[in-house]
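One-letter residues, chain by chain:
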Amino acid sequence: MPEYPDSNELDRIVGELTSLPPLVTSWEVEALKSQLAEAALGKRFLLQGGDCSESFHDCRPSVIANKLKILLQMSLVLVSGARKPVIRVGRIAGQYAKPRSSYNETIDGQTLPSYRGDLINRFGFAAEDRIPNPELMLRGYERAALTLNFIRGLVEGGFADLHHPEYWDLDFVAHSPQAAEYRRVVEMISDSLQFLENMLEGKVDEFERVDFYTSHEGLHLFYEQAQTRIVPHREGWYDLAAHFPWIGNRTRDLDGAHVEFFRGIANPIGIKIDGTMGPEELIELLEILNPNNEPGRITLIHRYGVDQVALHLPSLIEVVRKKQKVVLWCCDPMHANTETTGSGLKTRDFRRILAELERAFEVHHEMGSYLGGVHFELTGDNVTECIGGARGLTERDLSKAYLTQVDPRLNYEQSLETAILISTLMRKYGDG
Ligand code: PEP
Ligand code: CO
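Below, the structure is looked at part by part. Nothing here was measured: the structure is a model prediction, and the numbers come from that model. (Residues numbered from 1 in each chain as written. Chains lettered and ligands numbered in written order. Predicted model: local features only at pLDDT ≥ 70, side-chain atom pairs only at ≥ 80, totals over all residues. Heavy atoms only, no water.)

1. Examining the site of ligand 1
Link 1 in the chain: In the neighbourhood of ligand 1, 13 residues make up the surrounding shell, with R91, K98, N249, K272 and R303 lying closest.
Link 2 in the chain: Interatomic distance of 2.7 Å between a side-chain N/O atom of K98 and an oxygen atom of ligand 1.
Link 3 in the chain: In this structure, an oxygen atom belonging to ligand 1 sits 3.5 Å away from a side-chain N or O atom of R250.
Link 4 in the chain: Burial of ligand 1 by the surrounding chains reaches 99%, relative to a free accessible area of 300 Å².
Link 5 in the chain: A breakdown of the residues in the shell around ligand 1 according to their chemical character gives three nonpolar, three polar and seven charged. (Near = heavy atom within 4 Å. Polar contact = N/O pair within 3.5 Å; in protein donor to acceptor, adjacent residues only side chain to side chain. Areas by Shrake-Rupley, 256 points an atom, 1.4 Å probe, with all protein chains shown as cover. Nonpolar A, V, L, I, M, F, W, Y, C, P; charged D, E, K, R; others polar.)

Put into structure tokens, the structure is as follows:
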């Protein structure tokens, strides 16, 4: 937790945040939970993606719309591969706080506290930028509300209408190496929709909008707590800062504050896990966080890295089955495939990302389990942060449009290419 220099100011801000309306509602949260429960049973597939670290500066219409577009496009491709409904969840409207591997950062001999996300301090490299400022929580809440308002307007207003996938086209789709495959999927879905509507002799309203949910790492407990409420007609507490908060890999200690907080909320929650999580610890954690084994409550987001996934995943699948726990398994192929280039940029090799996905599908399939979701760091813009992909980005290209403030994201083309691969893998393995 950040140490704020002025605790009265912190209390005042948390008080104000507590009095403001929630960002999401318990109705939506419960609807998502039941969809995740179906995904755990193999009847749906979860697509979760967005920035590693959202910035306040990127709360702009084009950035938000492009992110929504790429997630809609990916989900369309996945629907065609999975032949089941896809749940769309953005790392968006609140992904503003970051755990960092080191407390300090040194540049040209000067050492300052690390940047911890726009919710906590500022990216600039001056001493005053790095002082935690509680006011930023209010700014974050407002940015989240603006983002969400725009997304809701687009989705409700017809932007996400399956009859008009051309609305989601990005300018560079036409030049993308995946353009032909994407168009083929769009045509196939349009034909099926047309066929269905001809049979039913009318337009199917259900296809005029899609559900879109928000998620972020529930790292900053002051922010989460201020949005956590009891609502009329329901039991328990809801964290209404996002539909689907998750516990990060660094804050999942059994006796830590984050687990204690998450234990008390009714939302569906994600838990990030790596190779340090053993079978016994996992069961203990599940008993704390989901004592009634409620379906849809827990999504396990494994992020092992391509070399480790086959080593660690089987014993967890095994123990979850043996103890009859209901979980949704989701693969994050980004976080354990990070490397640093000679010039000090963090990057990820696209081949390793795809390879971890493929290994994860294989392992689940071999063990009679179902990989029911994927978790990405991506953007709808044309950045150069990850190496590889159909356009063959190299280390030298990275500096062209390296915009992330924390982890490297898949760009638009790499994201679409990934969805096409997953869609193939699902036809091969993902029959739940
Ligand atoms: C993240 O999702 O950006 C993150 C910090 O992940 P993890 O907790 O898996 O390291
Ligand atoms: Co990240």
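On we go from here.
2. A closer look at the pairing of strand β10 (residues 298–302)
Link 1 in the chain: Burial analysis of β10 places five of its five residues in the buried class, which makes it a mostly covered element.
Link 2 in the chain: Of the two faces of β10, the one carrying I298, L300 and H302 and the one carrying T299 and I301 are both buried.
Link 3 in the chain: Of the strand pairs in this sheet, strand β9 (residues 269–273) and β10 are connected by five bridges, and their pairing is parallel. Each bridged residue has a counterpart across the sheet, and for I271 the counterpart in β10 is L300.
Link 4 in the chain: Of the strand pairs in this sheet, β10 and strand β11 (residues 328–331) are connected by four bridges, and their pairing is parallel. Bridge pairing links H302 to C331 in β11. (Buried < 20%, exposed > 50% of the residue type's maximum accessible area, 1.4 Å probe, protein only. Helix = DSSP H or I, 4+ residues; strand = E, 2+ residues; numbered from the N terminus. Pairing = 2+ DSSP bridges.)

3. Let's talk about the environment of Q73
Link 1 in the chain: Note that Q73 resides in helix α3 (residues 61–82).
Link 2 in the chain: Residue classification places Q73 among the buried positions, given a relative accessible area of 0%.
Link 3 in the chain: Sequence separation of Q73 and D58 is 15 residues, and the distance between their C-alpha atoms is 21 Å.
Link 4 in the chain: Of the polar contacts made by the side chain of Q73, one reaches the side chain of Y412; its length is 2.9 Å.

4. Things to note about the pattern of salt bridges
Link 1 in the chain: Enumeration according to the criterion identifies 30 salt bridges in this entry.
Link 2 in the chain: A salt bridge links K400 to D397, with the nearest nitrogen and oxygen atoms 2.7 Å apart.
Link 3 in the chain: Put simply, E9, R12, E16, E135, R139 and E142 are held in one network by salt bridges that share partners. (Salt bridge = Lys/Arg side-chain N within 4 Å of Asp/Glu carboxyl O.)

5. Focus on α3
Link 1 in the chain: Its 22 residues give α3 an end-to-end C-alpha distance of 31 Å, which sits within 8% of 32 Å, the value for a rise of 1.5 Å per residue.
Link 2 in the chain: Judged by how many residues are buried, α3 sits mostly within the fold: 19 of 22 residues are covered.
Link 3 in the chain: Positive backbone phi, approximately 55 degrees, marks R83, located one or two places after α3. (Expected span 1.5 Å × (residues − 1).)

6. What about the packing of α3 against helix α4 (residues 135–157)?
Link 1 in the chain: Running from N to C, α3 and α4 cross one another at 55 degrees; their axes reach a closest spacing of 10 Å. It follows that α3 is oblique to α4 by the angle criterion. For the pair α3 and α4, the sense of crossing is right-handed. Mapping the contact onto sequence places P61, I64, A65 and L68 in α3 and T147, F150, I151, L154 and V155 in α4.
Link 2 in the chain: Counted by class, the contact of α3 with α4 contains eight nonpolar, one polar and no charged residues. (Axes fitted to C-alpha atoms, helices over the stretch in contact; angles between N-to-C directions. Parallel < 35°, antiparallel > 145°, perpendicular 65-115°, else oblique. Left-handed = near helix turned anticlockwise from the far one by under 90°. Contact = heavy atoms within 4.5 Å.)

7. Overview of the side chain of N290
Link 1 in the chain: Mapped onto the elements of the fold, N290 is located in the loop between α8 (279–289) and β10.
Link 2 in the chain: Those residues in contact with N290 that lie beyond four places of it in its chain are R297, I298 and V326.

8. A closer look at the coordination of the cobalt ion (ligand 2)
Link 1 in the chain: The coordination sphere of the cobalt ion (ligand 2), as far as protein atoms go, consists of C52 (SG), H335 (NE2), E377 (OE) and D407 (OD), spread over 2.1 to 2.4 Å.
Link 2 in the chain: Here the donor residues of the cobalt ion (ligand 2) share one chain and are spaced in sequence as C-x282-H-x41-E-x29-D. Taken together, the residues span a long stretch of sequence, with C52 in the loop between β1 (45–50) and α3 and E377 in strand β14 (residues 371–377) at a distance of 325 residues.
Link 3 in the chain: Residue C52 is classed as buried on the basis of its relative accessible area of 0%.
Link 4 in the chain: Residue E377 is classed as buried on the basis of its relative accessible area of 0%. (Donors = N, O, S within 2.8 Å, 3.2 Å for Na, K, Ca; no water.)

9. Here's the deal with the packing of aromatic side chains
Link 1 in the chain: Inspection of every chain in the model, using the stated rule, returns four aromatic pairs.
Link 2 in the chain: Centroid distance F261 to F262: 5.7 Å. Interplanar angle 85 degrees. Geometry classified as edge-to-face. For the pair F261 and F262, a shared accessibility class is recorded, and that class is buried. (Phe/Tyr/Trp six-rings, centres within 6.5 Å; stacked < 30°, edge-to-face > 60°.)

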